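Spelled out, the chains give:
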Amino acid sequence: MEGYLGEFYLWVKALHIIFVIFWMAGMFMLPRYLAYHSTTKVGSDEDKNWIERERRLMRIIINPAMSITWILGLMLVFNIGLDAGGWLHAKLLLVFLLSGFHGMLSKYRKAFERGERPKSETYFRRINEIPAVFIFAIVLLVVPKAF
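The residue numbers shown here count from 1 along each chain, following its written sequence. For a predicted model such as this one, the threshold for reporting local features is a pLDDT of at least 70, and the threshold for listing and counting side-chain atom pairs is 80 or more; totals across whole chains, interfaces and linings nevertheless cover every residue. Only hydrogens and water are set aside; all other atoms, that is, all heavy atoms of the structure, feed into the side-chain values.

1. Regarding the pattern of salt bridges
Next up, step 1: Throughout this description, the term salt bridge denotes a Lys or Arg side-chain nitrogen within 4 Å of a carboxyl oxygen of Asp or Glu. If you walk through the whole model with that rule in mind, you get six salt bridges.
Next up, step 2: Across the pair R125 and E121 runs a salt bridge, and its minimum N-O distance is 2.7 Å. With R125 and E121 both in helix α4 (residues 121-127) and four residues apart, this pair spans about one turn of that helix.
Next up, step 3: Here the term buried applies to any residue with accessible area under 20% of the maximum for its type, exposed to any over 50%, and partly exposed to those in between, with areas from a 1.4 Å probe on protein chains only. Given the relative accessible area of 31%, R125 is considered partly exposed.
Next up, step 4: What makes E121 partly exposed here is its relative accessible area of 29%. Runs of E in the DSSP output that reach at least two residues are strands. Runs of H or I that reach at least four are helices, and both are numbered from the N terminus.

Encoded structure:
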């Protein structure tokens, strides 16, 4: 708990976890939304409704939650230092990859907005499970700090 955060360390850590939960909730929802959206007719009212839902999900929940997660996470990293152990480097790598997944979903959302259907419903249902793999690995790295 030493470092520049001092007595606020646990508050920053708690807020970090809360915003991770918000981010992951959105990351589970968006691929499911895209799966449902992929079956709609381009230009239909249903298509327009899905475009709006996806846009709101990204702009109101997912993007702000990811940004705040990163800010708070970096505060924690600077507080404990990059020499905290291999677990931290592995976690950061996974968070970078998860952020890339976030970017990929954003790209797909924008394609749907343009009337494109870049992937199938099955594809989006399958990738819906990717955040769970990341969460599992990250929590197992952070809690026991095995290395």
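2. Quick notes on the nonpolar core
Next up, step 1: Nonpolar cores were defined as sets of buried Ala, Val, Leu, Ile, Met, Phe, Trp, Tyr and Cys residues, with membership established by side-chain atoms within 4.5 Å. One finds W23, M27 and L30 to be the most contacted residues of the largest nonpolar core, which totals 26 residues.
Next up, step 2: Mapped onto this core, the elements with two or more residues apiece are α1 (9-37), α2 (45-80), α3 (86-113), α4 and α5 (130-142).
Next up, step 3: Contacts are assigned to residue pairs that have any heavy atoms within 4.5 Å of one another. Non-local contacts of L30, meaning those with residues more than four positions away in its chain, are made with E54, L57, M58, I62 and L105.
Next up, step 4: With five residues, the next largest nonpolar core counts L5, Y9, V12 and L76 among its residues.

3. Side note on the environment of Y9
Next up, step 1: Structurally, Y9 is set in helix α1.
Next up, step 2: For the pair Y9 and I80, spaced 71 residues apart in sequence, the C-alpha separation works out to 9.9 Å.

4. A look at the environment of I135
Next up, step 1: With respect to the helices and strands, the residue I135 is situated in helix α5.
Next up, step 2: Classification of I135 by relative accessible area gives partly exposed; the value is 28%.
Next up, step 3: Taking the C-alpha atoms as reference, I135 lies 8.3 Å from M24; in sequence the two are 111 residues apart.
Next up, step 4: Not counting residues up to four positions away in its chain, the partners in contact with I135 are M24 and F28.

5. A short note on the packing of α2 against α3
Next up, step 1: Note on method: axes are straight lines fitted to C-alpha atoms, helices fitted across the in-contact stretch only, with angles between N-to-C directions ranging 0 to 180 degrees. At a minimum axis distance of 11 Å, the contact between α2 and α3 shows a crossing angle of 165°. Viewed along their axes, α2 and α3 adopt a mutual orientation that is roughly antiparallel. Read as a crossing pair, α2 and α3 show a hand that is left-handed. For the pair formed by α2 and α3, the contact residues are I51, E54, R55, M58, R59, I62, N63, M66, W70, V77 and I80 on the first element and W87, L88, L92, V95, F96, S99, H102, S106, R109, F112 and E113 on the second.
Next up, step 2: Polar here means any residue outside two lists: the nonpolar Ala, Val, Leu, Ile, Met, Phe, Trp, Tyr, Cys and Pro, and the charged Asp, Glu, Lys and Arg; Gly therefore counts as polar. Each residue belonging to the contact of α2 with α3 can be placed in one class, and the counts come to 13 nonpolar, four polar and five charged. When describing relative orientation, an angle under 35 degrees is termed roughly parallel and one over 145 degrees roughly antiparallel, while 65 to 115 degrees is termed roughly perpendicular and anything else oblique. It is the rotation of the near helix from the far one that decides the hand of a crossing: anticlockwise by less than a right angle makes it left-handed, clockwise makes it right-handed.

6. Notes on α2
Next up, step 1: Taking 1.5 Å of rise per residue, the 36 residues of α2 would be expected to cover 52 Å, and the 51 Å separating its terminal C-alpha atoms lies within 8% of that figure.
Next up, step 2: A residue's bend is given by the angle between axes fitted to the 7 residues ending at it and the 7 residues starting at it. A maximum bend of about 40° is found in α2 at M58. Expected span of a helix: the number of residues minus one, times 1.5 Å.

7. Quick look at the packing of aromatic side chains
Next up, step 1: In this scheme Phe, Tyr and Trp rings, the latter by its six-membered ring, pair at centre separations within 6.5 Å, and the angle between planes marks the pair as stacked below 30 degrees, edge-to-face above 60, and tilted otherwise. According to the stated counting rule, one finds eight aromatic pairs in the structure shown.
Next up, step 2: Their ring planes at 65° and their centres at 5.6 Å tell us that F112 and F124 sit as a pair that is edge-to-face. Taken together, the residues span a long stretch of sequence, with F112 in helix α3 and F124 in helix α4 at a distance of 12 residues. Here F112 and F124 have matching classes, each one buried.
Next up, step 3: Members of the aromatic cluster, joined through ring pairs, are Y108, F112, Y123 and F124.
Next up, step 4: Above the face of the W87 ring, K145 is positioned so that its terminal group lies 4.9 Å from the ring centre. Lysine NZ or arginine CZ positioned within 6 Å of the ring centre and within 35 degrees of the ring normal marks a charge as sitting over the ring.

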